[in-house]
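Now for the letters of each chain:
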Amino acid sequence: MGQAGDAIPIAELLDERRHLLDVACRMLGRGHEAEWVVAETYRQWYTLSEQDRVRITDPRSWLAKTAGCICLARLALPERRSADLPRRGVRSARLDDSPEEEVGQVLLDALDALAPAARAAFVLEDVFGMALVAVADVVGQSGRECAALAERARHSLRARRARPATPRQHDLVVRAVGEACAVEDSGRLASLLAADVTAFFDGGGKVRALTRPVHGRRQVARALLTLLAGSPRPTLAPHSVNGRTGLIVRHGHQVAAVISLDVAGPHVVQVRVVLNPDKLRLWNRTELALGTPSPQDNASD
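Residues numbered from 1 in each chain as written. Predicted model: local features only at pLDDT ≥ 70, side-chain atom pairs only at ≥ 80, totals over all residues. Heavy atoms only, no water.

**Structural notes on the sheet that holds strand E4 (residues 244–251)**
At step 1: Taken together, the six strands give an open sheet; going across it, the order is E2-E1-E6-E5-E4-E3, and neighbouring strands pair in mixed fashion. Each edge of the sheet is formed by a strand with only one pairing partner; in this case those strands are strand E2 (214–215) and strand E3 (235–241).
At step 2: Looking at chain direction, E3 and E4 are connected through seven bridges and run antiparallel. Looking across to E4, one finds that Pro238 is bridged to Leu247.
At step 3: Packing of helix H10 (residues 167–182) onto the sheet brings it into contact with E3, E4, strand E5 (254–264) and strand E6 (267–274), and relative to E4 it is tilted by some 20 degrees.
At step 4: Where helix H12 (residues 217–227) meets the sheet, it contacts strand E1 (193–202), E2 and E6, and its direction lies at approximately 40 degrees from that of E1. (Pairing = 2+ DSSP bridges. Helix = DSSP H or I, 4+ residues; strand = E, 2+ residues; numbered from the N terminus. Contact = heavy atoms within 4.5 Å. Axes fitted to C-alpha atoms, helices over the stretch in contact; angles between N-to-C directions.)

**Regarding the packing of helix H1 (residues 10–28) against helix H4 (residues 59–75)**
At step 1: Following both chains from N to C, one finds H1 and H4 inclined at 25 degrees, their axes separated by 10 Å at the closest point. Put simply, H1 runs roughly parallel to H4. The two elements H1 and H4 meet at a crossing, and its hand is right-handed. Across from Asp15, Glu16, His19, Leu20, Ala24, Met27 and Leu28 in H1, the residues of H4 making contact are Arg60, Leu63, Ala64, Ala67, Gly68, Cys71, Leu72, Arg74 and Leu75.
At step 2: Residues belonging to the contact of H1 with H4 are distributed by class as follows: ten nonpolar, two polar and four charged. (Parallel < 35°, antiparallel > 145°, perpendicular 65-115°, else oblique. Left-handed = near helix turned anticlockwise from the far one by under 90°. Nonpolar A, V, L, I, M, F, W, Y, C, P; charged D, E, K, R; others polar.)

**Observations regarding H4**
At step 1: For H4, spanning 17 residues, the distance from its first C-alpha to its last is 24 Å, which sits close to the expected 24 Å at 1.5 Å a residue.
At step 2: By the burial criterion, the buried members of H4 are Leu63, Ala64, Thr66, Ala67, Gly68, Ile70, Cys71, Leu72 and Leu75. (Expected span 1.5 Å × (residues − 1). Buried < 20%, exposed > 50% of the residue type's maximum accessible area, 1.4 Å probe, protein only.)

**Quick look at the packing of aromatic side chains**
At step 1: One pass over the full model with this rule turns up one aromatic pair.
At step 2: Considering the side-chain rings of Trp45 and Trp62, the 5.4 Å spacing of their centres and the 65 degrees angle between planes classify their relative orientation as edge-to-face. One end of the pair, Trp45, is in helix H2 (residues 31–47); the other, Trp62, is in helix H4, and 17 residues separate them in sequence.
At step 3: The buried category is assigned to Trp45, whose relative accessible area is 7%.
At step 4: Since its relative accessible area comes to 23%, Trp62 is described here as partly exposed.
At step 5: In this structure, Arg74 is placed above the aromatic ring of Trp36, and the distance from its NZ or CZ to the ring centre is 4.9 Å. (Phe/Tyr/Trp six-rings, centres within 6.5 Å; stacked < 30°, edge-to-face > 60°. Lys NZ or Arg CZ within 6 Å of the ring centre and 35° of its normal.)

**Side note on the pattern of salt bridges**
At step 1: In total, this model carries 14 salt bridges according to the counting rule given.
At step 2: Note that Asp278 and Lys206 form a salt bridge whose closest N and O atoms lie 2.3 Å from each other. Taken together, the positions of Asp278 in helix H13 (residues 277–290) and Lys206 in the loop between E1 and E2 put the pair 72 residues apart, joining distant regions of the chain.
At step 3: Taken together, the shared-partner salt bridges in this structure form one network comprising Arg18, Asp22 and Arg26. (Salt bridge = Lys/Arg side-chain N within 4 Å of Asp/Glu carboxyl O.)

Honestly, it's all geometry; don't read function into it.
The following block contains the structure:
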């Protein structure tokens, strides 16, 4: 850089920054985090040598891909994920600028319910039209796997937007799921799940959890009941997870898993089970500090 021929029109610079903010806003749903991601993206750009920057033929794509990678890393942080810390009726901060207005609160809530990789695949491919090979680089999976993640995200978003559950409906369905699991009623549990429900199990490489998503009501019901089997059996209790009713699984006095569910109409369309001890550490610290939550803490927002 440094030559007059390298100058970039201010309109292009502003548009590029706005584009990066949009990517980060839609991936993270938080304005203050988006600003940080953009700053970090440009920091990484200027960390490159001038020769390396010159060799990048499409700086805008490089910046968008880098921002996507940073966002995906943020989504995976233990202290950020919805299952990391019990939030008693407090919803996460939302954007207060145009991206939220464009996407809509319902879509932002639906995006929050997606697993990080699925959210990244959908936002980068569908919203911003990033090439699948670039999306695969960001997500760290094959192009075919990213395409499947994006398709499942589309389906989940369509279902949620077409038949959004009210907080009370969501609460009733989740509690019914917990009751079916508690009595090991596979038929009842399957009836509460959508035909094409998907379950994700996050062990973080720290426990021997399933590494691939499970699809279909019977398969998901079987996976959940298998997870909750054993003697003594773990106990389930409803609890606010990311501002909506979820389920916490205790083994003795330890929180062993946190289950969040995405509900559309009368059925669960997505299940996410966090088993990663690192992500559950804050839950267990809170349990020790506060004791078992009172009944009113278990209600959804």
